[in-house]
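# Structure assessment
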Amino acid sequence: MNIQIENLSFRYPNGVLALRRVSLEIAPGEQVAVIGQNGAGKTTLVKHLNGLLLPTEGRVRIGDWDTRHYSVAKLARRVGYVFQNPDEQLFTKTVAEEIAFGPRNLGYPGERIQELVEDALQLTQLQAMRNTNPYDLSPTWRKMVAIASILAMDTPILVFDEPTTGQDAASVTRLAMIIAELKRRGKTVITITHDIDFCAENFARVIVMGGGQVLLDGPARTVLGKAEILAQTYVDPPQITRLGLRLGLAEVVCTPQEFLDAFEKQCAA
Ligand SMILES: Nc1ncnc2c1ncn2[C@@H]1O[C@H](COP(=O)(O)OP(=O)(O)OP(=O)(O)O)[C@@H](O)[C@H]1O
Ligand SMILES: [Mg+2]
């Protein structure tokens, strides 16, 4: 399902202009990272995808739906959104109930709900915690519950708002596995992150925001090599990319493996 954002501007009621003429297209099955300094407009942008916010100017289309003409409840069939703070999202007594809430609300039949809940529990490695109260879990696992409850809605598009923030290494690895599995299933995944290594290792396309605008948008290797523009929005390229740039490698590298390959090529030349 295609996402089309045309000339989107958004002003909060207090007068803050948080998005300025943003235009973007995201194709079905793309994995996109959105990065940029605090207050750049990342959350404001993604809240337009499920109708939580509506454009002040311009328009947003999810497939053939203009978000101005569909309710948040309707848009939830197409776009799943995991909040920056999971506590804004969780409210039931057990992990399994929490995960079942979304698909039940979408009116899926009982058997399908069960399948979706099991699948989400497995993807997030929450099986052993299915009967636990989400509020008895650590913040790391609570975040997984929030993610599982969106996975279970089986939407073609998923949006994760800073899933890596405050997560330990094991949880970040788990997230990378979930994103890889969603890619395999042909889902569109849009992830906001401040973790530049996570961005470089898991996303083919990177959108850089600053001051409510898109500063850069393209393949990770092109975008993460543009240190000067990234600096405008207080983002440093990944360490491995910086090392490659400093050594004058012929190509921009994003992962240790890419670094080794490029380094070997350079030495052989
Ligand atoms: N509810 C609100 N009312 C008024 N202004 C807001 C509101 N939410 C965000 N803003 C402002 O809009 C701008 C964009 O904020 P937004 O939350 O989209 O940024 P962000 O890139 O997600 O930042 P962060 O990395 O801190 O989450 C900022 O100037 C912010 O202060
Ligand atoms: Mg945000």
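Residues numbered from 1 in each chain as written. Chains lettered and ligands numbered in written order. Predicted model: local features only at pLDDT ≥ 70, side-chain atom pairs only at ≥ 80, totals over all residues.

## Observations concerning the pairing of strand β4 (residues 57-62)
- Pairing geometry for strand β1 (residues 3-11) and β4, over 5 bridges, is antiparallel. Counterpart to Q4 in the pairing with β4 is R61.
- As defined by bridge partners, β4 adjoins strand β5 (residues 65-66) across 2 bridges and the pair is classed as antiparallel. By the bridge assignment for β5, R61 is matched with D66. (Pairing = 2+ DSSP bridges. Helix = DSSP H or I, 4+ residues; strand = E, 2+ residues; numbered from the N terminus.)

## Some thoughts on the site of ligand 1
- In the neighbourhood of ligand 1, the contacting residues comprise Y12, N14, V16, A18, G36, N38, G39, A40, G41, K42, T43 and T44.
- Examining the composition of the shell around ligand 1, we find that 3 residues originate from one element, helix α1 (residues 42-46), more than from any other.
- Here the residues of the shell around ligand 1 are counted per class, giving 4 nonpolar, 7 polar and 1 charged. (Near = placed C-beta within 6 Å. Nonpolar A, V, L, I, M, F, W, Y, C, P; charged D, E, K, R; others polar.)

## Focus on the sheet that holds strand β7 (residues 157-161)
- What the 6 strands build is an open sheet, ordered β6-β7-β8-β3-β9-β10; its pairing is mixed. A single partner strand is all that each edge strand has here, and the edge strands are β6 (79-82) and β10 (213-219). Between one strand axis and the next, the sheet turns through 15° on average, direction left out of account.
- With 5 bridges connecting them, β7 and strand β8 (residues 188-192) associate as parallel partners. Residue pairing across strands places L158 opposite V189, the latter belonging to β8.
- Most of the contacts of helix α5 (residues 139-151) go to β6, to which it runs at about 175°, and overall it touches β6 and β7. (Axes fitted to C-alpha atoms, helices over the stretch in contact; angles between N-to-C directions. Contact = placed C-beta atoms within 7 Å.)

## Focus: the pairing of β10
- For strand β9 (residues 205-210) and β10, the ladder comprises 6 bridges, and the chain directions are antiparallel. Bridge pairing in β10 links I207 to D217.
- Here β9 folds back onto β10 in antiparallel fashion, the turn holding 2 residues, of which G211 has a positive phi close to 55°.

## Here's the deal with the domain arrangement of the protein
- On domain assignment, one finds that the protein holds domain 1 (3-226) and domain 2 (238-269).
- Computed over C-alpha atoms only, the centres of domain 1 and domain 2 are separated by 31 Å.
- Across the boundary between the two partners, domain 1 contributes 9 residues, which contact 6 residues of domain 2.
- Of all the secondary-structure elements, those providing two or more residues to the side of domain 1 that touches domain 2 are α7 (196-202) and α8 (220-223).
- By residue number, the principal contributor to the side of domain 1 that touches domain 2 is α7, which donates 4 residues.
- By residue class, the composition of the side of domain 1 that touches domain 2 is 4 nonpolar, 2 polar and 3 charged. (Domains from an automatic or database assignment.)

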